[in-house]
Amino acid sequence: MLALTSCSGPSFAAPLAPATRAARGAASPTMGVETELGATGPLGYWDPFGFSVRNPERFNRYRAVELKHGRIAMAATTGYMVQSFLRWPGYLSTSANIKFADLPNGIAAFKAIPPAGLFQILLFIGAMEAFTWRYYEGPWPGKVPEGKAPGDVAGDLWVRYTDPEEKAFKLNAEINNGRAAMMGSLGMLMHDHILGTWVPPGFE
């Protein structure tokens with residue numbers, strides 16, 4: 001699974017930074033893409049359906065979406081595991097007399113959260129989408145901003161690296177960890193949906 005998630009698949013073929021029009025015109029269809037961040041071993045560049053060359057102007061959009069989904073998936077995967085042995089102390093809702101420890105893990109938790117709590121969750125996600133995580137400019141779906149790398153959101157809240165080699169290493173790690181987390185969180189969700197728990201049988 002990790003080998004599959006480390007390759008640059010159909011929706012992962014976008015480069016981190018936009019290539020110039022001159023470079024794209026002079027290059028072969030995949031040159032410049034096959035060496036981009038995320039095209040790592042053991043499979044390297046992999047785009048059997050040609051998404052990376054079909055519409056090169058959308059490269060940055062694909063990469064921005066991949067990074068955001070990867071970050072959310074990493075948080076989801078971590079949350080699934082941490083909630084199995086650690087909970088916030090106190091009450092989720094004093095009016096409904098519900099403690100954090102009373103909530104089941106995973107999908108079933110949404111049935112136990114009061115409507116006001118679900119509204120707060122959706123409001124928080126909406127605020128993050130509109131302000132903190134926002135990458136595109138203008139009205140929805142927005143346009144890719146000029147000179148801004150995909151994933152460059154949240155202002156100075158994210159760590160910035162000045163050394164090019166360190167930055168490339170960190171960005172590659174984030175991309176590949178995000179891909180693995182997307183597969184991992186999807187597996188947990190399906191396992192939870194079918195069996196009622198993300199933990200494999202015999203590991204409860």
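This one's a predicted model, so the numbers in the text were calculated from it and none came from an experiment.

## Some thoughts on the UniProt feature "binding site: chlorophyll a 1" (unreviewed entry) in the protein
Part 1 of the reasoning: UniProt's feature table lists "binding site: chlorophyll a 1" (unreviewed entry) at Trp-46, Ser-52, Glu-66, His-69, Glu-174, Asn-177 and Arg-179, given in the numbering used throughout. In the annotated group above, the largest cavity draws its lining from Glu-66, Glu-174 and Arg-179.
Part 2 of the reasoning: Relative to the elements of secondary structure, Ser-52 occurs in helix α3 (residues 51–54).
Part 3 of the reasoning: A relative accessible area of 1% places Ser-52 in the buried class.
Part 4 of the reasoning: Following the sequence through the fold, Arg-179 ends up in helix α7 (residues 164–195).
Part 5 of the reasoning: Exposure remark for Arg-179: the relative accessible area of 1% places this residue in the buried category.

## Some points on α7
Part 1 of the reasoning: In this model, α7 (32 residues) spans 46 Å end to end at C-alpha, consistent with the 46 Å of a helix rising 1.5 Å per residue.
Part 2 of the reasoning: When α7 is considered as a whole, its buried residues turn out to be Leu-171, Asn-172, Ile-175, Asn-176, Gly-178, Arg-179, Ala-180, Ala-181, Ser-185, Met-188 and Asp-192.
Part 3 of the reasoning: A positive backbone phi angle near 85° is found at Gly-196, which sits one or two residues after α7.

## Here we look at the environment of Ile-175
Part 1 of the reasoning: Note on placement: Ile-175 falls in helix α7.
Part 2 of the reasoning: Using a relative accessible area of 3% as the deciding quantity, one classes Ile-175 as buried.
Part 3 of the reasoning: Aside from chain neighbours lying at most four places away, what touches Ile-175 is Leu-37, Gly-38, Arg-63, Glu-66 and Leu-67.

## Concerning the pattern of salt bridges
Part 1 of the reasoning: The tally for this structure, following the rule as stated, stands at four salt bridges.
Part 2 of the reasoning: In this structure, the salt-bridge partner of Glu-66 is Arg-179, at a minimum N-O distance of 2.5 Å. Linking Glu-66 in helix α4 (residues 59–82) with Arg-179 in helix α7, this pair joins segments that are 113 residues apart in sequence.
Part 3 of the reasoning: Of the charged contacts, one joins Arg-71 and Glu-174 as a salt bridge, the two residues approaching to 2.5 Å between their closest N and O atoms. Placement of Arg-71 in helix α4 and of Glu-174 in helix α7 is noted, with a sequence separation of 103 residues between them.
Part 4 of the reasoning: Taking relative accessible area as the criterion, Arg-71 reaches 21% and is therefore assigned partly exposed.
Part 5 of the reasoning: Ionic contacts of the salt-bridge type, sharing partners, join the residues Arg-63, Glu-66 and Arg-179 into one network.

## As for a nonpolar patch on the surface
Part 1 of the reasoning: Taken together, the side chains of Ile-107, Leu-186, Leu-189, Met-190, Ile-194 and Leu-195 define a hydrophobic patch exposed on the protein surface, amounting to about 560 Å² of accessible area.
Part 2 of the reasoning: With relative accessibility at 36%, the residue Leu-189 sits in the partly exposed group.

Conventions adopted
- Residues numbered from 1 in each chain as written.
- Predicted model: local features only at pLDDT ≥ 70, side-chain atom pairs only at ≥ 80, totals over all residues.
- Heavy atoms only, no water.
- UniProt positions renumbered as here; feature names shortened; annotations may be inferred.
- 1 Å grid on protein atoms, 1.4 Å probe; cavity = no way out; pocket = protein on both sides within 12 Å on 5 of 7 lines; lining within 4 Å.
- Helix = DSSP H or I, 4+ residues; strand = E, 2+ residues; numbered from the N terminus.
- Buried < 20%, exposed > 50% of the residue type's maximum accessible area, 1.4 Å probe, protein only.
- Expected span 1.5 Å × (residues − 1).
- Contact = heavy atoms within 4.5 Å.
- Salt bridge = Lys/Arg side-chain N within 4 Å of Asp/Glu carboxyl O.
- Patch = residues over 30% accessible without salt bridge, like charges linked within 9 Å, V, L, I, M, F, W, Y side chains within 5 Å.
- Areas by Shrake-Rupley, 256 points an atom, 1.4 Å probe, with all protein chains shown as cover.

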